[in-house]
Amino acid sequence: MAVYNFAAGPAMLPKKVMERAQAEFTNYQNCGSGIMELSHRGKLFQPVIDRAEANIRELLNISDDYAVLFIQGGASMQFCMLAMNLLNGGTADYVDTGVWSNKAAKEAKLFGNVNIVASSREAKYDHIPAADTWKRTADAAYMHITSNNTVAGSQYQVMPTPTPGVPMIADMSSDIMSRVFNVNDFGMFYAGAQKNLGPSGVALVVIRKDLAARTVEEKVPTMLRYSTYIENGSMFNTPPTFAIYMLALVTDWLKELGGVAAIEKINNEKAKYLYDFLDTSDFYKTPVAKADRSRMNVVFRTPSEELDAAFVAEAKKNGLTDLKGHRLVGGCRASIYNAMPMEGVQALVEFMKKFELANK
Ligand code: PMP
C-alpha cells in the first residue's frame, strides 16, 4: 500500500531524494564513509554546502546583495536572532496572523518595541487582515510577516508591499520554494528546513548584507550574529552537515523538476483539487477565508470532534497518515508541501468521499 504522509513538519521528502540519500548513505562518492561521517572542513563537504547555496540562489533568483546562510536552532531561533541583530531598542512592526507570528513578536519584545500593525487573533486567525488596514510605523527597524500560517491554514496569496524604507522580513517556514516571489522586496527571510527544504536541524536565512551589518557587535553573542555566519561561510562552528546535504539533494530535485514556477503550478493544482472538493461537501468545512486559503496546509473539520478523530484514525489505516490538526486548534489538517504528489491528494479526496458517505 502506498503511504502518503500529510505531516506539517518534519514532512515527507521527495521519494527520489530519499532514494539517492539511501544509495549514498554509507559510501559517499566511493570514499568509504557516509557524508555525515566526514569533516565539514574536508574536500568532500565544501562542494555540498556550495551546491546547496548555488541551488538556492538559482531557484529563488537571489543577487549578491544577499547572504545565504545555514543556521541551527530552527525558525524559532530566528524569532529572537533577527530582533537581537536588527531591532536594538527601536520599533518593529509585526503582522499577527497566527501562533507563529505571535511567538515571533513575543521574542522581539525582549529587544525593543513591537507594534502589532494588525491581528486576526480575535477571529481565531481565520483570515489575514487586509494590508490597507495595517497601522504601520513609518520608520520601523523592520516589518515582520509570516507568509504561510501552518496552524491556521492561511497564506498571503500575494506578498505585501513593504513600507518605503523599512526592510520587510518574512518567516517563510511553511511555503519557502513553493511559490515565486520577488526576493528584492525583502530585507530578510528565513525558514526551518523541515517542510519544503529537507530534514529538521537547519534553518535557511537569506539576508541583505547591508542589514546584517547593522548589528551592534558588542551586544550580540558571536554565535547569534549574522555577520559571523557571513564571514565564515556558515561554518564558524560545525554546521549540521547531514541536513545541509539533504537540502542540496532537495534543491537538485527541484531544479530538475523545472524550478519554483513549475512546482508552484503543481501546488496550485493540488490545492485547487482539495479545496474544490471541500467546497462541494456539506460534511467537511474549512474555517479559513476563501481569499486567504493556504496552498500548503489545508485545515478542515468533520461535523464533530469524535468524527475528526475517527477520520484521522481511519485515514491512517488507508495509508493516509498524519492528518490530525495542530494540538492548539484540533480538527484535521492536510499538509501538501512540494514533495506531496498529486496522486496523494487524489487518494485523500477519494478517502474523504468514502468517509463522508459512511458517516453522514
Ligand atoms: N514558523 C512557522 C510558520 C512554522 O510552521 C514553524 C514550525 N511548524 C516554526 C516557525 C517553528 O519552526 P522550528 O520548529 O524550526 O523552530
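Just so it is clear, the model here is predicted, and its values are computed rather than measured.

## Some words on the packing of helix H1 (residues 15-24) against helix H7 (residues 241-257)
At step 1: Relative to each other, H1 and H7 sit at 135 degrees, their axes nearing to 9 Å. Between H1 and H7, the interaxial angle falls into the category oblique. For H1 against H7, the interelement crossing comes out right-handed. Counting all contacts with H1, which are made through Lys16, Val17, Arg20 and Ala21, the residues of H7 involved are Met246, Leu249, Val250 and Trp253.
At step 2: Within the contact of H1 with H7, the residues separate by chemical class into 6 nonpolar, no polar and 2 charged.

## Comments concerning the UniProt feature "modified residue: N6-(pyridoxal phosphate)lysine" (unreviewed entry) in the protein
At step 1: The UniProt feature table records "modified residue: N6-(pyridoxal phosphate)lysine" (unreviewed entry) at Lys195.
At step 2: One can find Lys195 in the loop between strand E9 (188-192) and strand E10 (203-208).
At step 3: In this structure Lys195 comes out as buried when scored by C-beta crowding, with 31 C-beta atoms within 10 Å.
At step 4: Discounting residues that sit within four places of it in the chain, Lys195 has contacts with Gly9, Ala11, Ser173, Ser174 and Tyr337.

## Comments concerning the site of the ligand
At step 1: Around the ligand sit Gly9, Gly74, Ala75, Ser76, Trp100, Thr146, Thr150, Asp171, Ser173, Ser174 and Gly192, and that is every residue in its neighbourhood.
At step 2: Looking at the shell around the ligand, the element that brings in the most residues is helix H3 (residues 74-86), giving 3 residues.
At step 3: Taken together, the residues of the shell around the ligand sort by class into 2 nonpolar, 8 polar and 1 charged.

## Here's the deal with helix H10 (residues 342-359)
At step 1: Compared with an ideal rise of 1.5 Å per residue, which puts 18 residues at 26 Å, H10 spans 26 Å between its outermost C-alpha atoms and is within 8% of the ideal.
At step 2: Of all the residues in H10, the buried ones are Gly344, Val345, Leu348 and Met352. One side of H10 carries all its buried residues, which in axial view fall inside an arc of 90 degrees. Exposed and facing more than 90 degrees away from the buried side of H10 are Glu343, Lys354, Leu357 and Ala358.
At step 3: Taken together, the buried residues of H10 touch strand E1 (4-5), helix H8 (260-280), strand E12 (320-321) and strand E13 (332-335).

## Describing the sheet that holds strand E4 (residues 113-119)
The pairing of strands in a sheet comes from backbone hydrogen bonds and takes either a parallel or an antiparallel form.
At step 1: With mixed pairing, the 7 strands of this open sheet are ordered in space as E2-E10-E9-E8-E5-E3-E4. The open sheet terminates on both sides in strands that have one partner only, identified here as strand E2 (66-71) and E4. Averaged over all adjacent pairs, the angle separating strand axes in this sheet is 20 degrees, with direction ignored.
At step 2: Running over the sheet, H3 touches strand E3 (91-96), strand E5 (142-146), strand E8 (168-171), E9 and E10 and is turned about 155 degrees from E9.

## Points about the domain arrangement of the protein
At step 1: If you check the domain split of the protein, you get domain 1 (4-14 + 260-359) and domain 2 (15-257).
At step 2: Among the elements of the structure, H8 and strand E11 (297-300) are those that each provide at least two residues to the side of domain 1 that touches domain 2.
At step 3: Top element by residues in the side of domain 1 that touches domain 2 is H8. It accounts for 6 residues.
At step 4: A breakdown of the residues in the side of domain 1 that touches domain 2 according to their chemical character gives 19 nonpolar, 6 polar and 5 charged.

## Here's the deal with the pairing of E9
At step 1: With respect to burial, E9 is a largely interior element, 5 of its 5 residues being buried.
At step 2: A two-sided burial pattern is seen for E9, the buried positions comprising Met188, Tyr190 and Gly192 on one face and Phe189 and Ala191 on the other.
At step 3: As judged from the 3 bridges shared by E8 and E9, these two strands associate in the parallel manner. For Ile169, the partnering residue across the bridge sits in E9 and is Met188.

## Considerations on the nonpolar core
At step 1: The biggest cluster of nonpolar side chains holds 102 residues, and the ones touching the most others in it are Met188, Leu204, Ile207, Ile244 and Leu247.
At step 2: By residue number, the principal contributor to this core is H7, which donates 10 residues.
At step 3: Mapped onto the domain boundaries, this core takes at least three residues apiece from domain 1 (4-14 + 260-359) and domain 2 (15-257).
At step 4: Leu204 has contacts with Ile56, Phe70, Ile176, Tyr190, Ala191, Ala193 and Leu197, leaving out every residue within four places of it along the chain.

Scoring rules and cut-offs
Within every chain, residues take consecutive numbers counted from 1 along the sequence as written. In view of the model being predicted, local features appear only for residues whose pLDDT reaches at least 70, and side-chain atom pairs are presented and counted only at 80 or more, with totals across whole chains, interfaces and linings using the full set of residues. Between N-to-C directions, angles cover 0 to 180 degrees, with each direction set by a line fitted to C-alpha atoms, over the stretch in contact for helices. Only runs of H or I of at least four residues qualify as helices and only runs of E of at least two qualify as strands under DSSP, and these elements are numbered from the N terminus. Just so you know how the angles are binned, under 35 degrees is roughly parallel, over 145 roughly antiparallel, 65 to 115 roughly perpendicular, and the rest oblique. In a left-handed crossing the near helix is turned counterclockwise from the far helix by less than a right angle, and in a right-handed crossing that turn is clockwise. Placing C-beta atoms from the backbone, we regard two residues as in contact once those atoms come within 7 Å. Any residue that is not Ala, Val, Leu, Ile, Met, Phe, Trp, Tyr, Cys, Pro, Asp, Glu, Lys or Arg is counted as polar, Gly included; the first ten are nonpolar and the last four charged. UniProt positions are given in the numbering used here, feature names are shortened, and annotations may be inferred rather than shown by experiment. Put plainly, a residue is buried at 20 or more neighbouring C-beta atoms within 10 Å of its own, exposed at 12 or fewer, and partly exposed in between, counting only other residues' C-beta atoms, which are placed from the backbone. In this analysis, residues qualify as near a molecule or strand once their C-beta atom, positioned from backbone atoms, comes within 6 Å of it. To estimate how far a helix should reach, multiply one less than its number of residues by 1.5 Å. Directions from the helix axis toward the C-beta atoms define the arc. In this scheme, strands are said to pair when DSSP sees at least two bridges between them. Start and end positions for the domains come from either an automated domain assignment or a database one. Put simply, a nonpolar core is buried Ala, Val, Leu, Ile, Met, Phe, Trp, Tyr and Cys residues tied into one set by C-beta atoms within 7 Å.

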